[in-house]
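Breakdown of the fold
Each chain, letter by letter, is given below.
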Amino acid sequence: MFRNIGFIAIIGFFLTACSSNNTKKIIIVATGDINVNMDAKTITLAGGAGANDKTVDFNHAGPLTLTLKDEGGKSTPITVNDNGYFILNARKDTIAGAYQNYSAPKTKVDTIKQETIERGIDSLSQLIEGKNISAANRNFFVTPGNVVKITANVDAFVVPPFHRMTSIEKVGDKEPEVYRFYTIHEVKEELAKLKALTAPPPVK
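1. As for the pattern of salt bridges
Counting across every chain of the model gives three salt bridges. The residue Glu71 makes a salt bridge to Lys92 at a minimum N-O spacing of 3.5 Å. Residue Glu71 is located in the loop between β3 (64-69) and β4 (75-80), and its partner Lys92 is located in the loop between β5 (84-89) and β6 (95-100); the two are separated by 21 residues in the primary sequence. Notably, a salt bridge pairs Asp82 with Lys149, separated by 2.7 Å at the nearest N-O pair.

As structure tokens, this is what we get:
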């Protein structure tokens, strides 16, 4: 009897391990309400105001095809070919993001060196234009209606636009894997703030 239980437990563990390898985690970023039908693999945008996001896990081997329906009734097929963590931009504007080291000590604005500010301006300018975007650089430029793989790590943290997360606790010795996304409008606002720091002081 106990041997059978042990055998069943081993099989159960094996099946669980295999199924976890098929996880496709998707964070959906939209404006207004998001309704997801897991069985029909359909994402329906109900409209409304305000930024919204919803994260769903699909345990699906092989390519996964979803149907995105906007508030006007238009259907768009969305295909996820790989396993891992993805972001689906269901907004009408482009979003951009990159890996962030949230565990690094923050530097006060008044002590930031000029070259650091200039690098930030250059980086944000390229992000807005969709330049130097690659998985290797861990930065992303996601146009409306598209899905992009962020990482193979489904336990990573993804911060969608308009969230004000500024720090995350470190668990043990492992650095948290965090990706922060913004709308292009937010990136332009941040870029304007950095440019203001480089402006010469007013003449008295």
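Once the structure has been displayed, the description carries forward.
2. Describing the nonpolar core
Ranked by internal contacts, the top residues of the largest apolar core, which has 16 residues, are Ile26, Ile28, Ile43 and Leu66. Apart from residues lying up to four places away in sequence, Ile28 is in contact with Ile34, Val36, Ile43, Asn52, Asp53, Lys54, Val56, Leu88 and Ala90. Core analysis: the second largest hydrophobic core is formed by 12 residues, Tyr85, Ile95, Phe140 and Ile150 among them.

3. Re the sheet that holds β3
Ordered by their spatial adjacency, six strands build an open sheet running β4-β3-β2-β1-β5-β8, and the pairing between neighbours is mixed. Looking along the sheet, the strands with just one partner apiece sit at the ends: β4 and β8 (147-151). Here the average twist between neighbouring strands, direction ignored, is 25°. Note that β5 and β8 share four bridges and pair antiparallel. Bridge pairing in β8 links Tyr85 to Thr151.

4. Comments concerning the packing of aromatic side chains
A complete count under the given rule lists three aromatic pairs for this structure. Here Phe140 and Tyr179 contribute two aromatic rings whose centre-to-centre distance is 5.9 Å and whose plane-to-plane angle is 70°, an arrangement assigned as edge-to-face. In this pair, Phe140 is assigned in strand β7 (residues 139-142) and Tyr179 in strand β10 (residues 178-183), connecting sequence segments 39 residues apart. With respect to burial, Phe140 and Tyr179 carry one shared label: buried. Through a chain of ring-to-ring contacts, the aromatic side chains of Tyr99, Phe140, Tyr179 and Phe181 assemble into a single cluster. Positioned above the aromatic ring of Tyr99 is the side chain of Arg138, whose terminal nitrogen or guanidinium carbon lies 3.7 Å from the ring centre. One residue, Arg180, lies across the ring of Tyr182, its end atom 4.2 Å from the ring centre.

5. Re the sheet that holds β7
The strand order across the open sheet formed by four strands is β7-β6-β10-β9, and the pairing between neighbours is mixed. Two strands lie at the open edges of the sheet, namely β7 and β9 (157-159), each paired on one side alone. Adjacent strand axes in the sheet meet at a mean angle of 20°, parallel and antiparallel pairs treated alike. Judged from the three bridges that link them, β9 and β10 form a sheet pairing that is parallel. In the strand pairing of β10, Phe157 is matched with Val178.

6. Quick look at the environment of Glu175
Its location among the elements puts Glu175 in the loop between β9 and β10. Sequence separation between Glu175 and Asn101 is 74 residues; the distance between their C-alpha atoms is 8.2 Å.

Here is what the cut-offs are and how they apply
Residues numbered from 1 in each chain as written. Predicted model: local features only at pLDDT ≥ 70, side-chain atom pairs only at ≥ 80, totals over all residues. Heavy atoms only, no water. Salt bridge = Lys/Arg side-chain N within 4 Å of Asp/Glu carboxyl O. Helix = DSSP H or I, 4+ residues; strand = E, 2+ residues; numbered from the N terminus. Core = buried A, V, L, I, M, F, W, Y, C linked by side-chain atoms within 4.5 Å. Buried < 20%, exposed > 50% of the residue type's maximum accessible area, 1.4 Å probe, protein only. Contact = heavy atoms within 4.5 Å. Pairing = 2+ DSSP bridges. Axes fitted to C-alpha atoms, helices over the stretch in contact; angles between N-to-C directions. Phe/Tyr/Trp six-rings, centres within 6.5 Å; stacked < 30°, edge-to-face > 60°. Lys NZ or Arg CZ within 6 Å of the ring centre and 35° of its normal.

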